[in-house]
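As a plain string of letters, each chain reads:
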Amino acid sequence: MKNFGLDIWADDNFVIENGTININYASKPSLLQLTKEIRTKGHKGPILLRFPHLIKKQISTLFDTFEKAKKEINYKGDFHAVFPLKVNQFPNFLHALMDVSKEYNYGLEAGSKAELIIAMTKTPLGAPITINGFKDKEMISLCFIAAKMGHNITITIEGLGELETIIEVNENFNKGMKNPIAPKIGVRIRLHSSGIGVWAKSGGYSSKFGLTSTELLEAYEMLCEHDLLRQFWMIHFHIGSQMSDIVPLKKALREAGNIYADLKKRGADDLTAINIGGGLAVEYSQHSSNVDRNYSLDEFANDVVYLMQEIATRKGVEEPDIFTESGRFIAASHSVLIAPVLELFSQEYHEKSLRLKEENPPLVQELYELYHALERKNAREYLHDALDHMESLLTLFDLGYIDLEDRSNTEILVNLIIKKSIFLLKSEDSDELSRLQSRIQERYLVNFSTFQSLPDFWGLAQSFPIVPLDKLDTKPTNPATIWDITCDSDGEIGFNRDLPLYLHDIDVNKEEYFLAFFLTGAYQEVLGMQHNLFTHPTEAVINFDAEGNYSIDDLFDAENLMRVLDDLHYDTNELDKILKQRIQNATTLSEEEKRELLGKLYLYLSENSYLKTIQYQNENG
Ligand SMILES: *Cc1c(COP(=O)(O)O)cnc(C)c1O
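Residues numbered from 1 in each chain as written. Predicted model: local features only at pLDDT ≥ 70, side-chain atom pairs only at ≥ 80, totals over all residues. Heavy atoms only, no water.

Enquirer: Looking at this structure, I do not really get a nonpolar patch on the surface. What am I missing?
Expert: A cluster of nonpolar side chains, contributed by L125, I145 and M149, occupies part of the molecular surface with about 280 Å² of accessible area. Mapped onto the elements, L125 comes out in the loop between helix 5 (113-122) and strand 6 (128-131). (Patch = residues over 30% accessible without salt bridge, like charges linked within 9 Å, V, L, I, M, F, W, Y side chains within 5 Å. Areas by Shrake-Rupley, 256 points an atom, 1.4 Å probe, with all protein chains shown as cover. Salt bridge = Lys/Arg side-chain N within 4 Å of Asp/Glu carboxyl O. Helix = DSSP H or I, 4+ residues; strand = E, 2+ residues; numbered from the N terminus.)

Enquirer: Is there a simple way to explain the site of the ligand in this structure?
Expert: The environment of the ligand is formed by 16 residues, the closest being K86, S241, E325, G327 and Y523. Separating an oxygen atom of the ligand from a backbone N or O atom of G327 is a distance of 2.8 Å. Contact with the protein chains covers 93% of the free accessible surface of the ligand, which is 390 Å². Of the residues in the shell around the ligand, the class split is three nonpolar, nine polar and four charged. (Near = heavy atom within 4 Å. Polar contact = N/O pair within 3.5 Å; in protein donor to acceptor, adjacent residues only side chain to side chain. Nonpolar A, V, L, I, M, F, W, Y, C, P; charged D, E, K, R; others polar.)

Enquirer: How should the environment of R254 be read in this particular structure?
Expert: Here R254 is to be found in helix 9 (residues 247-266). On the accessibility criterion, R254 (39% relative accessible area) is partly exposed. Remark: the alpha-carbon pair of R254 and K357, spanning 103 residues in sequence, is separated by 78 Å. Those residues in contact with R254, other than ones at most four positions away along the chain, are L307 and I311. (Buried < 20%, exposed > 50% of the residue type's maximum accessible area, 1.4 Å probe, protein only. Contact = heavy atoms within 4.5 Å.)

Enquirer: I tried to follow the environment of M390 on my own but got confused; where do I start?
Expert: On the secondary structure map, M390 appears in helix 13 (residues 379-398). Taking relative accessible area as the criterion, M390 reaches 11% and is therefore assigned buried. Separated by 256 residues in the primary sequence, M390 and F134 place their C-alpha atoms 63 Å from one another. Residues contacting M390, with those up to four places away along its chain left out, are T410, V414 and R439.

Enquirer: Would you explain the domain arrangement of the protein chain in this entry?
Expert: Interfaces are often sized by the accessible area lost when the parts come together. Segmentation of the protein chain into domains returns domain 1 (2-50 + 336-346 + 441-556), domain 2 (75-326), domain 3 (351-437) and domain 4 (561-605). Taken over C-alpha atoms, the centre of domain 2 sits 52 Å from the centre of domain 4. (Domains from an automatic or database assignment.)

Enquirer: Would you mind showing me how to read the nonpolar core here?
Expert: In summary, soluble globular proteins display a tendency toward joint burial of nonpolar side chains. Residues L31, L97, F237 and F300 are the most contacted members of the largest nonpolar core, which totals 145 residues. Not counting the four nearest positions on each side in its chain, L31 is found in contact with F14, I21, N22, I23, L49, F51, V336, I338, L469, A516 and F518. Core analysis: the second largest hydrophobic core is formed by 24 residues, L370, A379, A386 and L436 among them. (Core = buried A, V, L, I, M, F, W, Y, C linked by side-chain atoms within 4.5 Å.)

Enquirer: Please explain the side chain of H151 as it appears in this structure.
Expert: As for its placement among the helices and strands, H151 is situated in the loop between helix 6 (137-149) and strand 7 (152-157). Sequence-distant contacts of H151, that is, excluding residues within four places in its chain, are made with A119, M120, T123, P124, L125, I129 and A146.

Enquirer: Explain the sheet that holds strand 6 to me, please; I cannot follow it from the model alone.
Expert: Strand pairs in the sheet, formed through backbone hydrogen bonds, run parallel or antiparallel to each other. Spatially, 4-5-6-7-8-9-10-11 is the arrangement adopted by the eight strands of the closed barrel, whose pairing is parallel. Taken over all neighbouring pairs, the strand axes of this sheet differ in orientation by 25 degrees on average, direction set aside. The pairing of strand 4 (residues 79-84) with strand 5 (residues 107-110) spans three bridges and is classified as parallel. Following the sheet pairing, P84 is matched in strand 5 by E109. Seen against the sheet, helix 6 touches strand 6 and strand 7 and runs at an angle of roughly 155 degrees to strand 7. (Pairing = 2+ DSSP bridges. Axes fitted to C-alpha atoms, helices over the stretch in contact; angles between N-to-C directions.)

Enquirer: Can you walk me through helix 8 (residues 213-225) in this structure?
Expert: Three- or four-residue spacings in an α-helix give side chains the same orientation, since the helix completes a turn every 3.6 residues. Over its 13 residues, helix 8 runs 18 Å from end to end, which matches the ideal 18 Å to within 8%, given 1.5 Å per residue. Burial in helix 8 covers these residues: L216, A219, Y220, M222 and L223. The arc enclosing the buried residues of helix 8, seen along the axis, measures out at 165 degrees, which places them on a common side. Residues of helix 8 that are exposed and point more than 90 degrees away from the buried face comprise T214 and E225. Buried residues in helix 8 make contact with helix 7 (160-174), strand 8 (184-188), strand 9 (232-236) and helix 9. D227 sits one or two positions beyond helix 8 and adopts a positive phi of about 60 degrees. (Expected span 1.5 Å × (residues − 1). Arc of directions from axis to C-beta.)

Below you can see the structure in the form of structure tokens.
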């Protein structure tokens, strides 16, 4: 992996210059500079940075690519897009999204009542709103209210029962009205072709959602019968997220296109749109041997318009408007999680930790000499000797011939020899070396929670690009395993020899070292869980002005301890009272000590759960 795989996953959004990773935009500030600035304002622990310019880039790329594809074949339908709220509903994200997408008449997709309220309030009138997922009478009524407000809203029917409810609610809202207003209606179809990958369940016959052809015909008749055919204007499908292969999409497009044409010929005159759902994949990989998708956005857009045109021409119907609901593609790149490294666990393997005796076992003595005589030309040979000695020494320990101090000296010396050899031989990429490296993996304790900030790593083994914020002009040599600060053994991103991550060997007592986790903007924040009560991290929005200067805006600190407990419905007044009483009633304390302890206690209660940097005791007091 060269440059942490930037050329694979970063899409030119970030660039390594002068040893740091920088935003490849405007004044090109480094992530390190932004992080330090936020930390001087007193925010410790992990920080989530959002970049609205990257949201804008994704939206304009999506629209521009489809416009280009349409133009090439003179496609007559329009292109529209909505953002599926389930991918990220955080206000700092959503406000930026709505702000940068104004010129595109971009809308929102909602799958629950709470999301619908966001859509009803944040979408400009006229921009499309689509409603998917299971709906009850109340939710459908909310859609009628939205339509009466003037929203351009489409309810996607996922089953016949929903259509019955729409008919009933329509009676309630519009019976006898001179000017009946109802939401537009879309129908989700159940594809016989299914998606691929972990999310395949969203499409296909066994899918939770969509109407079979039999149900579709029935729905058509119900719409005619209840005078709602004029509302029916969209066919919808969604084949699943993070589509790695383009083939299932093409199959789904053919299927949906033919359904569209058939219904039009049957008399669905107002049917003019096909909604192809989401699923556009994001490249998360740092290794060219393991990429996530086999197509580009250009290919994706060309396939969609080409297949739709082909079917429409063949069947003699007008070319449909095309809607997409891509979420991951729009949101993933906009945020970066930055977390400080607190500790390197093999730092105990230091020469100064040796406990050599006046008289050492001969093999220990020899290890010591090998270590000091190690040079590039003898490194391989001495390394082999050292590994051999270690085996013998461990056997001697098991048989009771050497003591714990001798064994500790052995471990330290062999570790030092391996490290030094790897350093001396780093220009040779031999298999043996990489095997040895995985043996001396360094474990980095990092101040964040994988459960909160990378839940798809935990749930789906999804990898995210990891890059240190500085030292990028030096080749990192430590094979790295990352530990988060939850006390759960699943909170570990283990070293993988096939997809290795190397980090720098640093002394956290002397300098700070931060890791950035990229492409965390889709799904991670909303799926994140408060395992061990670690909350959503401190967040900030980085905006650039017309001159290219950045500003750090909307800085929200992670919730403090009492807020977290309050969210779980603990009576925090009661907790507060108990804490106070227990200090007041402690007979061993003087009044002054009590005052001091209370002062400290309240300071801690006002802070969040993440660790204050362990190493910088002085700075943090
Ligand atoms: C989740 C979902 C999307 C978004 O999928 P992405 O893979 O994030 O693009 C779009 N449409 C529907 C119906 C969904 O359920």
